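# Inside the fold
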Amino acid sequence: MFQSHRASHLFLRFGLAFIFLWLGIEKFMEPHSWIGSATPQWVIHFTELLRMSVTNVFILLGILEVLVATSLAAAFFERWFASAAILFLLLSVIVSGFSDAAAYDLGVIGGLLALVVWPERHYS
């Protein structure tokens, strides 16, 4: 069986990059679809206190997700962006409560943690 640390790292990075790119673009294209049942009412009120629209908050989250995807795909500041994504997803789980989406987020966190603790790569 073919085994390679380099290939497994590449597949993990690209798989996670695809998830973040897909969701980030979706937040750009349809920010209103993320508002409502997926967003607790207190979060909506909090954004109003900050004088921001909830739509703009989701567009900013989309930007963050596209940056994470780009970082993972290019292996550029990979650990920093993976760590930022972990914090973002943990906050999402805490804010939204445990649900099907939270279970998905926890699975993605597992993949991101693998990238954060992955040994230094010295491929030739």
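Everything in this summary refers to the structure shown in the same document.

What counts and how
- Residues numbered from 1 in each chain as written.
- Predicted model: local features only at pLDDT ≥ 70, side-chain atom pairs only at ≥ 80, totals over all residues.
- Heavy atoms only, no water.
- Helix = DSSP H or I, 4+ residues; strand = E, 2+ residues; numbered from the N terminus.
- Buried < 20%, exposed > 50% of the residue type's maximum accessible area, 1.4 Å probe, protein only.
- Expected span 1.5 Å × (residues − 1).
- Contact = heavy atoms within 4.5 Å.
- 1 Å grid on protein atoms, 1.4 Å probe; cavity = no way out; pocket = protein on both sides within 12 Å on 5 of 7 lines; lining within 4 Å.
- Points joined across faces, edges and corners; volume = space filled by probe spheres on them.
- Nonpolar A, V, L, I, M, F, W, Y, C, P; charged D, E, K, R; others polar.

For the rest of this paragraph, the subject is the environment of Val117. Within the fold, Val117 resides in helix H5 (residues 100–117). On the basis of relative accessibility, which here comes to 64%, the residue Val117 falls in the exposed class. When the C-alpha atoms of Val117 and Ile44 are compared, they prove to be 35 Å apart, with 73 residues separating the residues in sequence.

To continue, consider helix H4 (residues 78–96). Taking 1.5 Å per residue as the helical rise, H4 with its 19 residues ought to reach 27 Å, and the 26 Å between its terminal C-alpha atoms agrees with that figure. Of the positions making up H4, those classed as buried are Glu78, Ala82, Ala85, Ile86, Phe88, Leu89 and Val93. On its buried face, H4 is in contact with helix H1 (5–29), helix H3 (54–74) and H5.

Let us now look at the layout of surface pockets. The volume enclosed by the largest pocket comes to roughly 790 Å³. Taken together, 33 residues line the largest pocket, and the ones lying closest to its centre are Phe58, Leu61, Phe88, Ser92 and Ser96. Elements with a contribution of two residues or more to the lining of the largest pocket: H1, helix H2 (41–49), H3, H4 and H5. It is H4 that contributes the most residues to the lining of the largest pocket, seven residues altogether. The residue makeup of the lining of the largest pocket, split by class, is 23 nonpolar, seven polar and three charged.

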